[in-house]
Amino acid sequence: MTALLELMPNIGGPREGIKHLLMSVVHSVMLNSAPTWAPTLMYNRRGVNVLNAIQRRVGIGRVCAYRSVSYEAVKVVAGFIPIDLMALERFTSFEARRAAMKTGTHNGWSLPPGDPEPLSYPQILRA
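Residues numbered from 1 in each chain as written. Predicted model: local features only at pLDDT ≥ 70, side-chain atom pairs only at ≥ 80, totals over all residues. Heavy atoms only, no water.

S.K.: What am I meant to see in the nonpolar core here?
M.R.: Within soluble globular proteins, side chains that are nonpolar generally end up buried alongside one another. One finds Leu 31, Phe 80, Ile 83 and Ala 87 to be the most contacted residues of the largest nonpolar core, which totals 21 residues. Those elements giving two or more residues to this core turn out to be helix 2 (16-30), helix 4 (45-63), helix 5 (71-78) and helix 6 (83-103). A total of five residues in this core trace back to one element, the largest contributor, which is helix 6. Residue contacts for Leu 31: discarding those within four places in its chain leaves Trp 37, Ile 83, Met 86, Ala 87 and Arg 90. (Core = buried A, V, L, I, M, F, W, Y, C linked by side-chain atoms within 4.5 Å. Buried < 20%, exposed > 50% of the residue type's maximum accessible area, 1.4 Å probe, protein only. Helix = DSSP H or I, 4+ residues; strand = E, 2+ residues; numbered from the N terminus. Contact = heavy atoms within 4.5 Å.)

S.K.: Sorry if this is basic, but what is going on with the environment of Asn 52 here?
M.R.: Within the secondary structure, Asn 52 sits in helix 4. Considering only alpha carbons, one finds Asn 52 and Ile 83, 31 residues apart in sequence, at a separation of 6.6 Å. Excluding its chain neighbours within four sequence positions, the residues that come into contact with Asn 52 are Tyr 71, Ile 83 and Asp 84. Within the structure, the side chain of Asn 52 is placed 3.2 Å from the side chain of Tyr 71, a separation counted as a polar contact. (Polar contact = N/O pair within 3.5 Å; in protein donor to acceptor, adjacent residues only side chain to side chain.)

S.K.: Where do I start with the confidence of the model for the protein in this structure?
M.R.: The predicted structure's coordinates, where accompanied by low pLDDT, should not be read in detail. Per-residue confidence for the protein gives a mean pLDDT of 76, with 70% of residues at or over 70. Summarising per-element confidence for the protein, the mean pLDDT is lowest in helix 7 (residues 123-126) (49) and highest in helix 5 (87). (pLDDT = per-residue confidence, 0-100.)

S.K.: For this particular structure, what's the right way to read the packing of aromatic side chains?
M.R.: Both the distance between ring centres and the angle between the ring planes are used here to describe each pair of aromatic rings. Tallied over the entire structure, the rule returns one aromatic pair. Aromatic pair Tyr 71 and Phe 80: ring centres 6.5 Å apart, planes at 45°, arrangement tilted. No difference in accessibility class separates Tyr 71 from Phe 80, as the two residues are buried. (Phe/Tyr/Trp six-rings, centres within 6.5 Å; stacked < 30°, edge-to-face > 60°.)

S.K.: Even after reading the chapter, I still don't get the environment of Thr 40, so can you show me in this structure?
M.R.: Within the secondary structure, Thr 40 is located in the loop between helix 3 (34-37) and helix 4. Sequence spacing of Thr 40 and Leu 88 is 48 residues, and the spatial spacing of their C-alpha atoms is 9.8 Å. Among the polar contacts listed, one links the side chain of Thr 40 to the backbone oxygen of Trp 37, at a separation of 2.6 Å.

S.K.: What is the right way to read the packing of helix 4 against helix 5 from this model?
M.R.: Contact pair helix 4 / helix 5: the axes reach a minimum separation of 9 Å and the direction vectors enclose 50°. By the angle between their directions, the pair helix 4 and helix 5 is classed as oblique. Considering how the two elements wind past one another, helix 4 and helix 5 form a crossing that is left-handed. Contact residues: Asn 52, Gln 55, Arg 56, Gly 59, Ile 60, Arg 62 and Val 63 in helix 4; Tyr 71, Val 74, Val 77 and Ala 78 in helix 5. Across the contact of helix 4 with helix 5, the residue classes break down as six nonpolar, three polar and two charged. (Axes fitted to C-alpha atoms, helices over the stretch in contact; angles between N-to-C directions. Parallel < 35°, antiparallel > 145°, perpendicular 65-115°, else oblique. Left-handed = near helix turned anticlockwise from the far one by under 90°. Nonpolar A, V, L, I, M, F, W, Y, C, P; charged D, E, K, R; others polar.)

This is the structure:
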């Protein structure tokens, strides 16, 4: 993370396209295995805060802002979705694909035998 921020100084840094690419790389790394750990974000606020802090630092580098700028302001100016919502979205799409595979409405793929039932849709997303 620190090495990535050194690539994006506030003054005279890379062009906007490169900044967008670096931010998407950070999001890809942060969302690795998101369907596995995303349900714990509903119960663990500390994990959400850690992810938001990382996303804020990358967003500050993208918009060339001071480090005193709030996370909400960086989200709006940089135009990104909060990382916890992206992780929950990946979880729900994974579970929808898994349910489709269980019911046979998939494209020819099947689950291995003995695979557990898909998890139910998180209650927090219904509210």
